[in-house]
Amino acid sequence: MADYKITLLKGDGIGPEIVNQAVKVLDKTGEKFGFSIEYDEALLGGCAIDATGVPLPDETVEKCKASDSVILGAVGGPKWDTLPGNLRPEAGLLGIRGALGLFANLRPSVIFGPLKSASPIKDEIIGGNLDIMIVRELTGGIYFGERGRKEVGGHPAAWDTEMYTVPEIERIAKVAFDLAMKRNKKLTNVDKANVLESSRLWRETVIKVSKEYPEVELNHLYVDNCAMQLVRNPGQFDVIVTSNIFGDILSDEASMIAGSIGMLASASLSDGKLGLYEPIHGSAPDIAGLGIANPLATILSVAMMLRYSLDQPKAAQAIETAVAKVLETYRTPDIFEEGMKKVGCEEMGDLVCKEL
Ligand code: IPM
Ligand code: MG
């Protein structure tokens with residue numbers, strides 16, 4: 001019997017190509033560190049819509065629940081863009097997060113040394129290094145709240161609701177404080193407490209939880225100010241904790257500061273070991289099948305999986321070190337620079353394996 005059971009949700013667009021490279025690297029890591037993996041595949045997103053009519057078939061949820069962790073490629077594409085909201089590939093993504101109870105989304109923004117010049121922010125502003133961890137609440141708030149259409153004053157109107165319960169806020173705050181304890185003990189809470197009642201409860205609750213973490217320095221920023229501070233002085237941040245919608249927006253911004261969205265990994269965690277690991281970028285339908293996609297974000301997501309779900313921190317570190325080493329010489333087109341060797345998706349996967 002294998003040590004770990006992993007479900008692969010390859011998804012759409014470049015999803016299958018990049019997941020295949022991540023699997024190759026995971027297998028190689030297993031050989032080196034003495035563990036074995038058994039894989040199962042399931043459908044999510046557009047491919048699930050084509051095969052079954054819905055973006056998240058029940059079978060997919062069952063398979064994921066029966067595994068130690070899940071690796072996701074990417075979902076979506078123009079083919080499914082005109083479907084009604086609840087049948088779009090994105091609904092499958094939100095659905096799997098809800099079904100697996102993945103309430104904590106960890107999105108690190110780091111610059112790999114050799115890629116420093118890829119950041120659009122000036123060197124002197126980035127200063128030394130960038131290492132921000134955004135902790136986004138992932139199964140509550142306005143993305144999961146009630147919504148609908150109605151008529152107001154004779155005009156068609158639409159509404160969504162932002163609501164958080166204290167336990168929802170407490171558990172995400174604890175994840176963020178725990179991470180801060182393992183890092184530089186600095187946590188920034190981001191909300192819009194000057195306007196939103198839900199943000200006021202959010203902030204009160206974060207402050208309450210902070211009493212259990214006297215060593216962590218906590219500060220608060222309104223989301224608009226945080227968006228500005230991220231480009232003005234990104235070095236001030238260690239861990240950021242925020243709601244579903246604010247985290248969605250700020251993590252895209254932070255990923256750009258790091259230079260290439262093709263490099264950034266993410267982890268979505270439940271209160272057990274089960275997690276879902278995926279690159280931050282999308283399905284890039286324009287380059288799907290061309291063999292030029294950058295698999296490194298997915299490969300780095302595998303490193304996060306080894307660290308947060310499978311308890312293999314040394315194997316995780318080995319992957320991260322191998323990626324940094326390969327980047328000194330080789331680049332996929334999205335991160336290409338003069339003087340480097342240009343490689344495709346599969347070659348990049350092979351190079352990381354070789355470096356391991
Ligand atoms: C993300 C994406 C998703 C989200 C979309 C595709 C539903 O933007 O993972 O950040 O908003 O959560
Ligand atoms: Mg997003």
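Here the structure is a predicted model, which means the values were calculated and not measured.

(A) The arrangement of the sheet that holds strand β5 (residues 131-137) in detail. What the 10 strands build is an open sheet, ordered β2-β1-β3-β12-β11-β4-β5-β10-β8-β9; its pairing is mixed. The strands lining the two open edges of the sheet, one partner per strand, are β2 (37-41) and β9 (217-222). Between one strand axis and the next, the sheet turns by 25 degrees as a mean value, whatever way the strands run. Sheet topology note: the strand β11 (residues 265-269)/strand β12 (residues 275-279) ladder contains 5 bridges and is antiparallel. Its bridge partner lying in β12, Ser-266 is registered against Glu-278. Here helix α3 (residues 58-65) sits on the sheet and contacts β1 (4-11), β2 and β3 (69-74); the angle it forms with β1, its principal contact strand, is near 145 degrees. Across the face of the sheet, helix α6 (residues 166-182) comes into contact with β4 (104-110), β5, β8 (186-191), β9 and β10 (239-242) while running at roughly 165 degrees to β5.

(B) Spatial organisation of the pattern of salt bridges. Scanning all chains against the criterion turns up 21 salt bridges. Between Glu-59 and Lys-63 there is a salt bridge, with its nearest N and O atoms 3.6 Å apart. Pair noted here: Glu-59 and Lys-63 are both in helix α3, with a separation of 4 residues, about one helical turn. According to the relative accessible area criterion, Lys-63 is partly exposed, its value standing at 24%. The shortest N-O distance in the salt bridge between Arg-183 and Asp-238 comes to 2.9 Å. On the criterion of sequence distance, the pair formed by Arg-183 in the loop between α6 and β8 and Asp-238 in the loop between α8 (223-232) and β10 is long-range, its members being 55 residues apart. Overall, Asp-238 belongs to the buried group, its relative accessible area being 3%. If you follow the salt bridges from partner to partner, you end up with Asp-40, Glu-59 and Lys-63 in one network.

Cut-off values and rules
Residues numbered from 1 in each chain as written. Chains lettered and ligands numbered in written order. Predicted model: local features only at pLDDT ≥ 70, side-chain atom pairs only at ≥ 80, totals over all residues. Heavy atoms only, no water. Pairing = 2+ DSSP bridges. Helix = DSSP H or I, 4+ residues; strand = E, 2+ residues; numbered from the N terminus. Axes fitted to C-alpha atoms, helices over the stretch in contact; angles between N-to-C directions. Contact = heavy atoms within 4.5 Å. Salt bridge = Lys/Arg side-chain N within 4 Å of Asp/Glu carboxyl O. Buried < 20%, exposed > 50% of the residue type's maximum accessible area, 1.4 Å probe, protein only.

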